[in-house]
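A structural walkthrough
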Amino acid sequence: MQEQFNQALEHLKEFWGYESFREGQDIAVKSVFSKNETLVLFPTGGGKSLCYQVPATVYDGMTLVISPLVALMQDQVQQLEDLGISATFINNTIPFYEVEQRLVNARNGMYKLLYCAPERLGTELFQNEMLNLNIDLVAIDEAHCISEWGHDFRPAYRDIRTNLQSISNNVSWIALTATATPEVRNDILENLQFENPEIVSLGFTRPNLKWWVIETSKTKEKMIQGVVRGSKKGDGLIYGGTRKNCEYWAEFFTKKGLKAEAYHAGIESEKRKQIQNRWIAGETPLVVATNAFGMGIDKPDCRYVIHETMPFSIEAYYQEAGRAGRDGKEAYPILYYKPSD
């Protein structure tokens, strides 16, 4: 294990340019190399993905990453390829023959990481190929999707262990999430059949975030004030509740001279991707979104996140507000509410 960990430290510097792991990451990586079933509970922006990406570069075989969103897996694969690490994904955006080809490539050892949606695991094609893939590590990203008590429940997540039964005793397991109440955490562990897990938790304090929760009956006026102040700090994000609201506020602020774009499920997926990329690159300083804009979107320098409407749950609020300040610098999550909320 120590030899693998030393190699992981070398790769951390070689590929990512970091001299050492952050607090908690080292424990998680050592746990993976020790073949412990590992649950990682880090705050948003806490560096969860390195807990499986770095070990993936050390193992001889491949790491299978279960990920819930097309955009999330595409972004991570692109980031890895930019670093010189071989990775790919299979999901419903690519044709069947391409899925087949990528699985053949995986069988031939061409990738260090293979990302796929949980629904893929039960398909006949994947089941037939699985034993040929030389999988060393299974990483379950956004593991709160397993739990019916979680805010992003995804039924196929509950079948992961069953669908990987034929390899389950021969691989290392790691599950990762930024939002897990004790109830959700227990549900994750039970469903994944983690019997003596290593639980690595940093708590969920984000000291760089200055939280504002404001009661008002004049939401529109407060929104304008909030955006005017926030935009002086940098780029931001508004959760606008409905599609109509998102379109309204995007047009409103653009007319006021602050370029803003709406983002919601009614917009075609390729266009949504372009909006997301423009925001991440700083070309669009403000996005007004429904909760379709969520998991895994990584813009370190988002300086403010405004909620015009109440989120569905505390966990959803924490995750959405947690888009702010992922670079560790001061940022402002702002929630407006009225007494009826």
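Source: prediction; values computed, not measured.

The subject of this paragraph is the overall build of the protein. A tally of regular secondary structure across the protein gives 12 helices and 13 strands. The C-alpha atoms of the protein give a radius of gyration of 21 Å, which matches the 20 Å a tight globule of 341 residues would have. Dimensions of the protein, computed from C-alpha atoms along their principal axes, come out at roughly 60 × 40 × 40 Å. Of all 341 residues assigned to the protein, the portion counted as buried reaches 53%. Intrachain contacts of the protein at a sequence separation of at least 6 include 76% that bridge at least 24 residues. When the accessible surface of the protein is totalled, it reaches about 15,600 Å², and 48% of it is carbon and sulfur. Positive and negative charge centroids in the protein, built from 36 and 44 side chains respectively, lie 9 Å apart.

Turning to the pairing of strand 13 (residues 332-337), a few remarks are in order. Of all the six residues making up strand 13, five are buried; the element is thus mostly covered by neighbouring parts of the structure. Alignment of strand 8 (residues 212-215) against strand 13, held across four bridges, turns out to be parallel. From the neighbouring strand, I214 faces strand 13, where its bridge partner is Y336. Examined bridge by bridge, strand 12 (residues 304-307) and strand 13 share four bridges and lie parallel to one another. Counted as the bridge partner of H307 is L335 from strand 13.

The next point concerns the packing of aromatic side chains. Scanning the entire structure with this criterion turns up 10 aromatic pairs. Ring geometry for F5 against F21: centres 5.7 Å apart, planes inclined by 35°, an arrangement best described as tilted. With F5 in helix 1 (residues 2-16) and F21 in the loop between helix 1 and helix 2 (25-33), this residue pair connects regions lying 16 residues apart in the sequence. Accessibility assignment for this pair places F5 and F21 in one class, buried. Look at W249 and F252: their rings are 5.3 Å apart centre to centre, the planes differ by 75°, and that puts the pair in the edge-to-face class. Of this pair, W249 and F252 are both found in helix 10 (residues 243-255), three residues apart, which corresponds to roughly one turn of the helix. Here a set of aromatic residues connected by ring pairs shows up, and it is made of Y248, W249, F252 and F253.

A separate point is the sheet that holds strand 3 (residues 87-90). Either a parallel or an antiparallel arrangement is found when strands of a sheet pair, and the pairing is made through backbone hydrogen bonds. Spatially, 3-4-2-5-6-1-7 is the arrangement adopted by the seven strands of the open sheet, whose pairing is parallel. Here the strands that pair on one side only, and so sit at the sheet edges, are strand 3 and strand 7 (198-201). On average, each strand axis in the sheet is tilted by 20° relative to the strand beside it, whichever way the strands run. Taken together, the four bridges between strand 5 (residues 135-140) and strand 6 (residues 172-177) define a ladder with parallel strand orientation. The residue of strand 6 that forms the bridge with A139 is I174. Most of the contacts of helix 3 (residues 50-58) go to strand 4 (residues 113-116), to which it runs at about 140°, and overall it touches strand 2 (62-66), strand 4, strand 5 and strand 6.

Further remarks concern the sheet that holds strand 12. Ordered by their spatial adjacency, six strands build an open sheet running 8-13-12-9-11-10, and the pairing between neighbours is parallel. In the strand order of this sheet, the two ends are held by strand 8 and strand 10 (260-263), each with one partner. Strand-to-strand twist of the sheet, defined as the mean angle between neighbouring strand axes without regard to direction, takes the value 15°. The pairing of strand 10 with strand 11 (residues 286-289) spans four bridges and is parallel. Note on strand 11: the bridge partner recorded for A262 is V288. Where helix 10 meets the sheet, it contacts strand 9 (236-239), strand 10 and strand 11, and its direction lies at approximately 175° from that of strand 10. Contacting strand 9, strand 12 and strand 13, helix 12 (residues 314-321) crosses the sheet at an angle of about 145° to strand 12.

Take the side chain of S147 next. Of note, S147 is situated in the loop between strand 5 and helix 7 (160-163). At a separation of 2.9 Å, a polar atom in the side chain of S147 contacts the side chain of D187. In this view, S147 contacts F153, R158, V184 and D187; residues no more than four positions away in its chain are not counted.

Reading guide: rules and limits
- Residues numbered from 1 in each chain as written.
- Predicted model: local features only at pLDDT ≥ 70, side-chain atom pairs only at ≥ 80, totals over all residues.
- Heavy atoms only, no water.
- Helix = DSSP H or I, 4+ residues; strand = E, 2+ residues; numbered from the N terminus.
- Rg over C-alpha atoms; globule rule 2.2 N^0.38 Å.
- Buried < 20%, exposed > 50% of the residue type's maximum accessible area, 1.4 Å probe, protein only.
- Contact = heavy atoms within 4.5 Å.
- Areas by Shrake-Rupley, 256 points an atom, 1.4 Å probe, with all protein chains shown as cover.
- Lys, Arg positive; Asp, Glu negative; His and termini not counted.
- Charge placed at Lys NZ, Arg CZ, Asp CG, Glu CD.
- Pairing = 2+ DSSP bridges.
- Phe/Tyr/Trp six-rings, centres within 6.5 Å; stacked < 30°, edge-to-face > 60°.
- Axes fitted to C-alpha atoms, helices over the stretch in contact; angles between N-to-C directions.
- Polar contact = N/O pair within 3.5 Å; in protein donor to acceptor, adjacent residues only side chain to side chain.

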